[in-house]
2 protein chains.
Amino acid sequence: MSVELHILGSSSASPTRDRSQSGQILDINKLRVLIDCGEGTQYKLIRGNLSYQKIDIILISHLHGDHYLGLFGLLNTMSLNHRTRPLHVYSPGGLKELIDHHFRVSNTTLRYELIVHEILGGEELIYDEGNIEMHALPVQHRVPCYAYLIREKTVNRKLNMYVCEKYGVSQENFKALKRGEDLTLEDGSVLSNELLTFNSEPPFSYAYVTDTIYLEELARRFSGVQVLYHEATFLDNLMDRAEMTYHSTAAQAARFASKALVNQLIIGHFSSRYDDLQPHLEEARALFPNTELAEEGRSFFFK
Amino acid sequence: MSVELHILGSSSASPTRDRSQSGQILDINKLRVLIDCGEGTQYKLIRGNLSYQKIDIILISHLHGDHYLGLFGLLNTMSLNHRTRPLHVYSPGGLKELIDHHFRVSNTTLRYELIVHEILGGEELIYDEGNIEMHALPVQHRVPCYAYLIREKTVNRKLNMYVCEKYGVSQENFKALKRGEDLTLEDGSVLSNELLTFNSEPPFSYAYVTDTIYLEELARRFSGVQVLYHEATFLDNLMDRAEMTYHSTAAQAARFASKALVNQLIIGHFSSRYDDLQPHLEEARALFPNTELAEEGRSFFFK
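Parameters at a glance
Residues numbered from 1 in each chain as written. Chains lettered and ligands numbered in written order. Predicted model: local features only at pLDDT ≥ 70, side-chain atom pairs only at ≥ 80, totals over all residues. Heavy atoms only, no water. Helix = DSSP H or I, 4+ residues; strand = E, 2+ residues; numbered from the N terminus. Rg over C-alpha atoms; globule rule 2.2 N^0.38 Å. Buried < 20%, exposed > 50% of the residue type's maximum accessible area, 1.4 Å probe, protein only. Contact = heavy atoms within 4.5 Å. Areas by Shrake-Rupley, 256 points an atom, 1.4 Å probe, with all protein chains shown as cover. pLDDT = per-residue confidence, 0-100. Pairing = 2+ DSSP bridges. Axes fitted to C-alpha atoms, helices over the stretch in contact; angles between N-to-C directions. Core = buried A, V, L, I, M, F, W, Y, C linked by side-chain atoms within 4.5 Å. Least-squares fit on C-alpha atoms with pLDDT ≥ 70 in both. Parallel < 35°, antiparallel > 145°, perpendicular 65-115°, else oblique. Nonpolar A, V, L, I, M, F, W, Y, C, P; charged D, E, K, R; others polar.

### Brief notes about the overall build of chain A
Scanning chain A for helices and strands turns up 11 helices and 18 strands. Taking 2.2 N^0.38 as the reference for a compact globule, 303 residues should give roughly 19 Å; the C-alpha atoms of chain A span a radius of gyration of 22 Å, in line with that estimate. With the C-alpha coordinates of chain A rotated into their principal frame, the extents come out at 70 × 50 × 35 Å. With 303 residues in all, chain A has 57% of them scored as buried. Intrachain contacts of chain A at a sequence separation of at least 6 include 65% that bridge at least 24 residues. When the accessible surface of chain A is split by element, carbon and sulfur atoms take 48% of a total near 12900 Å².

### Description of the confidence of the model for chain A
Confidence in the prediction for chain A averages 96 pLDDT; 100% of positions are at 70 or higher. This prediction of the complex comes with two scores: 0.91 for pTM and 0.90 for ipTM.

### Structural notes on the sheet that holds strand S1 (residues 3-9) of chain B
All names here are of chain B. On the basis of which strands lie adjacent, the open sheet formed by 7 strands has the order S6-S5-S4-S3-S2-S1-S18 and mixed pairing. Two strands close off the open sheet at either side, each with one partner strand: strand S6 (114-119) and strand S18 (299-301). Within this sheet the neighbouring strands show an average axis-to-axis angle of 15 degrees, counted without direction. As judged from the 3 bridges shared by strand S4 (residues 57-59) and strand S5 (residues 87-92), these two strands associate in the parallel manner.

### Quick notes on the nonpolar core
By size, the foremost hydrophobic cluster in this structure holds 56 residues, and its most contacted members are Ile55(A) and Ile55(B). If we ignore the near neighbours within four places in the chain, the residues touching Ile55(B) are Ile25(B), Arg32(B), Leu34(B), Leu45(B), Leu74(B), Met78(B), Arg83(B), Arg85(B) and Leu87(B).

### Some thoughts on the relation of the copies chain B and chain A
You can overlay chain B on chain A at an RMSD of 0.2 Å; the transform is a turn of 179 degrees with a shift of 0.1 Å along its axis. Such a turn and shift between the copies fits a two-fold axis. For chain B, the smallest separation between a C-alpha atom and the rotation axis is recorded for Gly40(B), amounting to 2.7 Å. When you check the interface residues of chain B against chain A, 100% turn up at the interface there too, and the contact is symmetric in its surfaces.

### Things to note about the sheet that holds strand S9 (residues 146-152) of chain B
Residue and element names in this part refer to chain B. The sheet built from 7 strands is open, its strands ordered S7-S8-S9-S14-S15-S16-S17 with mixed pairing. The open sheet has two edge strands with one neighbour each: strand S7 (124-129) and strand S17 (291-293). Neighbour-to-neighbour, the strand axes of the sheet open up by a mean angle of 15 degrees, direction not taken into account. Alignment of S9 against strand S14 (residues 205-209), held across 4 bridges, turns out to be antiparallel. Considered in S14, the bridge of isoleucine 150 is made with tyrosine 206. The strands touched by helix H11 (residues 278-287) within the sheet are strand S16 (264-268) and S17, with S17 carrying the most contacts at an inclination of about 165 degrees.

### Topic: the packing of helix H4 (residues 95-105) of chain A against helix H4 (residues 95-105) of chain B
Relative orientation of the contacting elements H4(A) and H4(B) amounts to 170 degrees, with a least axis distance of 11 Å. Classified by the angle between their axes, H4(A) and H4(B) sit roughly antiparallel to one another. The residues of H4(B) that touch H4(A), namely those facing Glu97(A), Leu98(A), His101(A), His102(A) and Val105(A), are Glu97(B), Leu98(B), His101(B), His102(B) and Val105(B). A class-by-class count of the residues in the contact of H4(A) with H4(B) yields 4 nonpolar, 4 polar and 2 charged.

What follows is the structure, encoded as structure tokens:
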């Protein structure tokens, strides 16, 4: 199983020469999740060799243009290129009506089933299939906006092949052992799972927190998350502006990471006023050393 | 006075690694016109050093996503970056409601006046100011779609400085002479304009014809146009597919140019099935030699 994150864009609303609007691909085990879909997302996918047809789920944080305007073109391109597999989109309320409006005007009928799930209330478990679950958690922005938490529920234990062979454990028992079950032998005796397997790494978890004022109380909900993406639109000397526009600073992102005791912080959603992002990185690292920049085209390989 | 054309994108609906969706900047004298606004147009403008704030007029051919989906982000970016000058957009009916819908959902108020002119009927003179006029002419596509004709009405005559000096013509008379007026001297005698000026080049004209089946009868309306952009989605061996999808072939674009007796043809809106565009160029040039490809990032300097 592997987990990869590909940054497609990390500008705030006004793009720059080097930075496009928000979008990222999280490949978690066999699931491809597109998180936010700013204008130009389909170009980034095509040019980055990231198949858009493999996307299973799209999560939209909120309905400001820089987070969703690439969606209509992407949905249409999927259809033009013969997608038939259903696609699930999660978003605050209002997206379905917008999609319907566009496709009505352009007389478009998709070749695949598009299921738009609108999140209308507070925290919600939006996805729970196989080994993965996803939660939407409201943040505070100028329009309804959600953070997303995506995590593996459990991770298979690793077989201790030396001991398994010693006890003559046959292959058909391996799956149950990986799940953590004990093994009952033909004579009725039981071998404990701990004897036959090793612990593996903890389940992976990823949190995406964008377009919000600094919400210290939310950090508790992300406690122990392995990787946190948190917006850092401004530097801390513009904290007033951050509050006024319902955004965060690099230092606040780092403080959030620190409170949540995450392993790694990735900051993004940079205002167009900044050409050089080193000051963002330094400001965050001063409080939370394991911080990286969400630079366009950058990929992170977590396991 | 100068006329320049900058190609921002020329793919058809499904973009490719090298080609983005439709958009082009026509700078004609002091007017900046954006013609079609596919997804990613604002990025192309920023990265191509073409100021989006200088755009005076946007012409949208039709409401298929690859021709208008870049509009909402561009309008917002203009506002975020403090545009106050009014902006005029021309489009088939339905665009205003879409813009209102987006800006209502995202709670956006533009800082400038946006005037959306919806074209609902047949041929229409949509702009007539100073020395420039623009016409919208209906073509035949799967949704209402318009070709645009943009032209200088007259061009100033050029002063014959040698003769002007000989007769002691003072500078304050130059403007009237350039407009073609005769000059009345203080003693009442009249110097004819032809004596004091030269003919200049003919007025410039540009036609943009996209997303249409081949319309031979329309060629007459573009008779004598200097530069014609005509879509060439397919090669001629897919003429059936072109007709079925209401598009044209490279040969049909060339035939149109030939019938209209234009000076130069530029072909674009290429289907994603073609990697190499040389066959398009050869097919068109066989019928109309002065043909060029609308390659992304290419600029044409007409005068």
